[in-house]
Amino acid sequence: LKEAGLPCSVWDDWSALDSQRYHKGECARKWETFRGASGAPITENSIFKMAYDRGWSGPAGHELNWDDEISASHSETIVDRRWVEGRELHIPE
């Protein structure tokens, strides 16, 4: 998450959902130790891959159909970098 540029609060909020193991302030303390010094940091794509491998079905939403129209203001995200395509895209003839 840190490598992806997200704030520590995202991890802390998610961790707080497990009240049995959550310790306030622990995420922030650990967050400060993540330096990314390795030549192969764990990225958001690594985390998504691990989640998929363990049965996660993906983010909420839907695949676009060929007839879908896309319109968005400048503040909206059209392509979510966290989304991992589940299969090859086959272009119709």
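This text gives an overview of the structure that appears in the document. (Residues numbered from 1 in each chain as written. Predicted model: local features only at pLDDT ≥ 70, side-chain atom pairs only at ≥ 80, totals over all residues. Heavy atoms only, no water.)

**Structural notes on the pattern of salt bridges**
Link 1 in the chain: Summed over all chains, the structure comprises three salt bridges.
Link 2 in the chain: The salt bridge involving Lys-30 is made with Glu-26; its shortest N-O contact spans 3.5 Å. Placement of the pair is Lys-30 and Glu-26 together in helix 2 (residues 26–31), with a separation of four residues, close to one helical turn.
Link 3 in the chain: On the basis of relative accessible area, Glu-26 is assigned to the partly exposed category, the value being 26%.
Link 4 in the chain: Put simply, Asp-53 and Lys-49 hold a salt bridge, and the shortest N to O gap is 2.9 Å. One end of the pair, Asp-53, and the other, Lys-49, are both in helix 3 (residues 44–53), four residues apart, so they sit about a helical turn from each other.
Link 5 in the chain: Since its relative accessible area comes to 52%, Asp-53 is described here as exposed.
Link 6 in the chain: Residue classification places Lys-49 among the partly exposed positions, given a relative accessible area of 49%. (Salt bridge = Lys/Arg side-chain N within 4 Å of Asp/Glu carboxyl O. Helix = DSSP H or I, 4+ residues; strand = E, 2+ residues; numbered from the N terminus. Buried < 20%, exposed > 50% of the residue type's maximum accessible area, 1.4 Å probe, protein only.)

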